[in-house]
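A look at the structure
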Amino acid sequence: MSKEISKVQAPKGLITPEQAKNLDQAFDSRHKLISSSILKRADNRSTWYALEEIETFLAYAKQQASDLGYTLDGIRIYEGAYAEINGEAGYTTMFIMPTGTSIKPSTKRLISTSEESEDIPDGEGLNMGNTGNPPEANYPQ
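Residues numbered from 1 in each chain as written. Predicted model: local features only at pLDDT ≥ 70, side-chain atom pairs only at ≥ 80, totals over all residues. Heavy atoms only, no water.

**Topic: the overall build of the chain**
Convention followed: We count a stretch as a helix when DSSP gives it H or I for four or more residues in a row; a strand needs E for two or more, and each element gets its number in order from the N terminus. Contacts between residues were defined by any pair of non-hydrogen atoms, one from each residue, lying within 4.5 Å. The Shrake-Rupley method, run with a 1.4 Å probe sphere, supplies the accessible areas, and residue values consider only the shown protein chains as cover. His is not counted, nor are the chain ends; Lys and Arg add positive charge and Asp and Glu add negative charge. Positions of charges follow a simple convention, taking NZ of Lys, CZ of Arg, CG of Asp or CD of Glu.
From N to C terminus, the chain includes two helices and five strands. Each helix (α) and strand (β) of the chain, taken in turn from the N terminus, gives the series α-β-α-β-β-β-β. Seen through its C-alpha atoms, the chain measures out along the principal axes to roughly 55 × 45 × 25 Å. Here the contacts in the chain between residues at least 6 apart in sequence split such that 64% fall between residues at least 24 apart. Roughly 10800 Å² of accessible area belongs to the chain as shown, and the carbon and sulfur atoms make up 56% of that amount. Once the 14 positive and 20 negative side-chain charges of the chain are each reduced to a mean point, those two points are 6 Å apart.

Following this line, the structure appears as structure tokens:
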């Protein structure tokens, strides 16, 4: 008896490594401007999260969303920056916030669109991933 292995369907929005390189290179001028005019040193360009952290966060966010009266339907990734310390600007960071739709019987849907989805009020986000190595490293690392 052979066991049939089901193939995972590719998600919408996949890009090739070449497209990723193009996006990364197109960001270079912005990154250099931030690094030279604000930070006066090379800034962070990426954030790495362990798979276990992401999976744990998603499970936690689903539960918290439900507790807050929402259905978790996605995440939104924001760029941020750490506060200035001793006159030195903080590095750029990327953080993840849960998004969802309010649980209302008349509007319950299986699939939400980005137009319907909103950041979940009082939903906790995920930060504190690891920076690139070195922080200013381009794609791929």
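**Description of the packing of aromatic side chains**
Spelled out, the test is: Two rings from Phe, Tyr or Trp (for Trp, the six-membered ring) form a pair when their centres are within 6.5 Å of each other. A pair whose planes differ by under 30 degrees is stacked, one over 60 is edge-to-face, and the rest are tilted. Each residue's exposure class comes from its accessible area (1.4 Å probe, protein chains only) as a fraction of the maximum for that residue type: buried when under 20%, exposed when over 50%, partly exposed otherwise.
All told, the structure shown has one aromatic pair when counted by the stated rule. Both rings, one in Tyr 78 and one in Phe 95, keep their centres 5.4 Å apart while their planes meet at 20°; by these two values the pair is stacked. Of this pair, Tyr 78 sits in strand S2 (residues 70-81) while Phe 95 sits in strand S3 (residues 92-102), and the two are 17 residues apart along the sequence. Taking the relative accessible area as the measure of exposure, Phe 95 reaches 25% and is therefore partly exposed.

**A closer look at the sheet that holds strand S4 (residues 118-119)**
We apply this condition: Two strands form a pair only when DSSP identifies at least two bridges running between them. Angles shown run from 0 to 180 degrees and are taken between the N-to-C directions of axes, each axis being a line fitted to C-alpha atoms and, for helices, limited to the stretch in contact.
Strands sit in the order S2-S3-S4 across an open sheet of three strands; the sheet is antiparallel. Because the sheet does not close on itself, it has two edges, and the strands there are S2 and S4. Both S3 and S4 contribute to a ladder of two bridges, which runs antiparallel. Bridging from a neighbouring strand, Gly 100 pairs with Glu 118 of S4. Here helix H2 (residues 51-67) sits on the sheet in contact with S2 and S3, set at roughly 125° to S2.

**Some words on the nonpolar core**
To keep things clear, this is the line we draw: By nonpolar core is meant a set of buried Ala, Val, Leu, Ile, Met, Phe, Trp, Tyr and Cys residues that side-chain atoms within 4.5 Å join together.
Tyr 49, Phe 57, Ala 61, Ala 65, Tyr 70, Leu 72, Ile 96, Ile 120 and Leu 126 form the largest nonpolar core, which has nine residues in total. Going through the elements one at a time, H2 and S2 are the ones with two or more residues in this core. Sequence-distant contacts of Tyr 70, that is, excluding residues within four places in its chain, are made with Ala 65, Gly 100, Thr 101, Ser 102, Ile 103, Glu 118, Ile 120 and Pro 121.

**Some thoughts on unusual backbone geometry**
Cis geometry marks the peptide bond from Tyr 139 to Pro 140, where omega comes out at -5°. Position of Pro 140 relative to the elements: it lies in the segment after strand S5 (130-131). Notably, Asn 86 is not glycine yet its phi reads approximately 50°, a positive angle. Here Asn 86 lies in the loop between S2 and S3. The exposure class of Asn 86 is exposed, given its relative accessible area of 81%. Unlike most non-glycine residues, Asp 122 shows phi in positive territory, near 70°.

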